[in-house]
Amino acid sequence: MQIAVLTIFPEMFDLFWSHGIVRRAIEQQIVSAAAVNIRDFAPDRHHVTDDRPYGGGCGMVMKPEPLAGAIRAAREKAPGARTILMTPQGRVFAQAVAAELAELPGLILVCGRYEGVDDRLYGTLIDEELSIGDYVLTGGELPAMVVIDAVTRLIPGALGGEDSAERDSFSAGRLEHAHYTRPPVFEESEVPGVLLTGHHRNIERWRLASSLMRTFVNRPDLLRDRPLTDAEAAVLRGWHADIARLLGDDRAAAPVRPGNGQR
Ligand code: 9D3
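Remember, predicted model here, so these are calculated numbers, not experimental data.

A. Layout of the pattern of salt bridges. Evaluated as defined, the whole model comprises 14 salt bridges. Among the salt bridges present, the one from arginine 91 reaches glutamate 128, with a minimum N-O distance of 2.9 Å. With a gap of 37 residues between them, arginine 91 in strand S5 (residues 82-92) and glutamate 128 in strand S7 (residues 128-131) connect regions that are remote in the sequence. On the accessibility criterion, arginine 91 (35% relative accessible area) is partly exposed. Linking aspartate 221 and arginine 219 is a salt bridge whose minimum nitrogen-to-oxygen distance equals 2.9 Å. Looking at aspartate 221, the relative accessible area reads 27%, which means it is partly exposed. Judged by relative accessible area, which is 35%, arginine 219 ranks as partly exposed. Shared partners join several salt bridges into a network, and the residues in it are Arg82, Arg91, Glu100 and Glu128.

B. Representation of the packing of aromatic side chains within the structure. Tallied over the entire structure, the rule returns 5 aromatic pairs. Taken together, the aromatic side chains of Phe13, Phe16 and Trp17 make up a single cluster linked through ring pairs.

C. Structural view of the site of the ligand. For the ligand, the set of nearby residues contains 17 residues, the closest of which are Ile132, Gly133, Tyr135, Leu137 and Gly139. The side chain of serine 131 places a nitrogen or oxygen atom 3.5 Å from a nitrogen atom of the ligand. Contact distances for the ligand include 2.8 Å between a nitrogen atom and a backbone N or O atom of tyrosine 135. Considered on its own, the ligand offers 560 Å² of accessible surface; in the complex 75% of this is hidden by protein. Mapped onto the shell around the ligand, the elements with two or more residues apiece are S5 and S7.

D. Seen up close, the nonpolar core. Phe93, Leu101 and Val147 are the most contacted members of the largest nonpolar core, which has 31 residues in total. At the level of secondary structure, the elements contributing two or more residues to this core comprise strand S1 (2-7), helix H1 (14-17), helix H2 (20-27), S5, helix H4 (95-101), strand S6 (106-111) and helix H5 (141-152). It is H5 that contributes the most residues to this core, 6 residues altogether. Setting aside residues up to four positions removed in sequence, phenylalanine 93 forms contacts with Ala98, Leu101, Leu130, Ser131, Ile132, Val146, Val147 and Ala150. Listed in part, the 19 residues of the second largest apolar core include Leu6, Met62, Ala78 and Val110.

E. Layout of the pairing of S5. Across 5 bridges, S5 lies against S6 in parallel orientation. From the neighbouring strand, leucine 85 faces S6, where its bridge partner is valine 110. Handedness of the S5-H4-S6 crossover: right-handed. Both S5 and S7 contribute to a ladder of 5 bridges, which runs parallel. Each residue of the ladder has a partner; that of isoleucine 84, found in S7, is glutamate 128.

F. Region of the structure containing a nonpolar patch on the surface. On the surface, a nonpolar cluster with roughly 450 Å² of combined accessible area is contributed by Phe9, Met12, Tyr135, Leu137 and Leu142. Within the secondary structure layout, leucine 142 lies in helix H5.

G. Quick peek at the environment of glycine 133. Mapped onto the secondary structure, glycine 133 falls in the loop between S7 and H5. Spatially, the C-alpha atoms of glycine 133 and glutamate 187 are 37 Å apart, while their sequence positions differ by 54 residues.

H. Region of the structure containing the pairing of S1. Of all 6 residues in S1, 5 are buried, a share of seventy percent or more. The pairing of S1 with S6 spans 5 bridges and is classified as parallel. Following the sheet pairing, valine 5 is matched in S6 by leucine 109.

I. Broad picture of helix H3 (residues 64-77). In this model, H3 (14 residues) spans 20 Å end to end at C-alpha, consistent with the 20 Å of a helix rising 1.5 Å per residue. Buried within H3 are the following residues: Pro66, Leu67, Ala68, Ala70, Ile71 and Ala74. Where the residues of H3 are buried, they touch S1, strand S4 (61-62), S5 and S6.

Parameters and conventions
Residues numbered from 1 in each chain as written. Predicted model: local features only at pLDDT ≥ 70, side-chain atom pairs only at ≥ 80, totals over all residues. Heavy atoms only, no water. Salt bridge = Lys/Arg side-chain N within 4 Å of Asp/Glu carboxyl O. Helix = DSSP H or I, 4+ residues; strand = E, 2+ residues; numbered from the N terminus. Buried < 20%, exposed > 50% of the residue type's maximum accessible area, 1.4 Å probe, protein only. Phe/Tyr/Trp six-rings, centres within 6.5 Å; stacked < 30°, edge-to-face > 60°. Near = heavy atom within 4 Å. Polar contact = N/O pair within 3.5 Å; in protein donor to acceptor, adjacent residues only side chain to side chain. Areas by Shrake-Rupley, 256 points an atom, 1.4 Å probe, with all protein chains shown as cover. Core = buried A, V, L, I, M, F, W, Y, C linked by side-chain atoms within 4.5 Å. Contact = heavy atoms within 4.5 Å. Pairing = 2+ DSSP bridges. Right-handed = clockwise from strand over helix to strand, strands pointing away. Patch = residues over 30% accessible without salt bridge, like charges linked within 9 Å, V, L, I, M, F, W, Y side chains within 5 Å. Expected span 1.5 Å × (residues − 1).

Quick look at the structure:
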């Protein structure tokens, strides 16, 4: 995949390209990456990229000519690429969006700064707008890095030996189970015994329960939005029975007793 980022701060990407999985994907030519300076496409002598808003008001707007020039140049180098403007107004980025983008031959990510870009860029030069969530940043550079990071690791070969893409789909729709490594006791706190037994069937069961517990407590919305798997339902039924026993409700499960509150 060809990735071009259009920004007035291309240096922000120098460290990003040179570490971890993104670096390895570039070295292995699974992706090509370039940060292009929008200023280089400003037609005026001083390479100005912003101007005051028509109609008045505070803040500045990104001028259309440098952006249009940078986008056209990037499109010529990356035929078939999707041009995406990073903006708080965009569709909210999520794992499903990352998976969709990972299928494309190229991405041209345009980073806004100031109050935004001149609205006349929408339509022909921009295919889509993306936000990374509902909080206010100072520009599209960090969001572009977020998108590139999430997309790169989904491209076949980018994760090397790790079977992590597989595990993504195993745990899809749930938070990950707890992880532990040596030592077995750290500041009085022990690794759960089952993980030291080598009993893989029990370890799988424990991990499913750990994953389900974290999801149930921190992100119950993830469980509401899809049907439960049989394995998940079995774990929940186990907890349900344990809780019923603690409450002394287990023998009275069938009829609803009057006077025991709602439900
Ligand atoms: C809240 C009103 N605005 C500024 C006073 C509009 C505004 C313009 C530009 C707010 C933020 C920005 C800069 N942010 C981005 O370019 C951006 C962003 C973000 O701020 N949050 C989440 N995703 C993204 S993608 C690009």
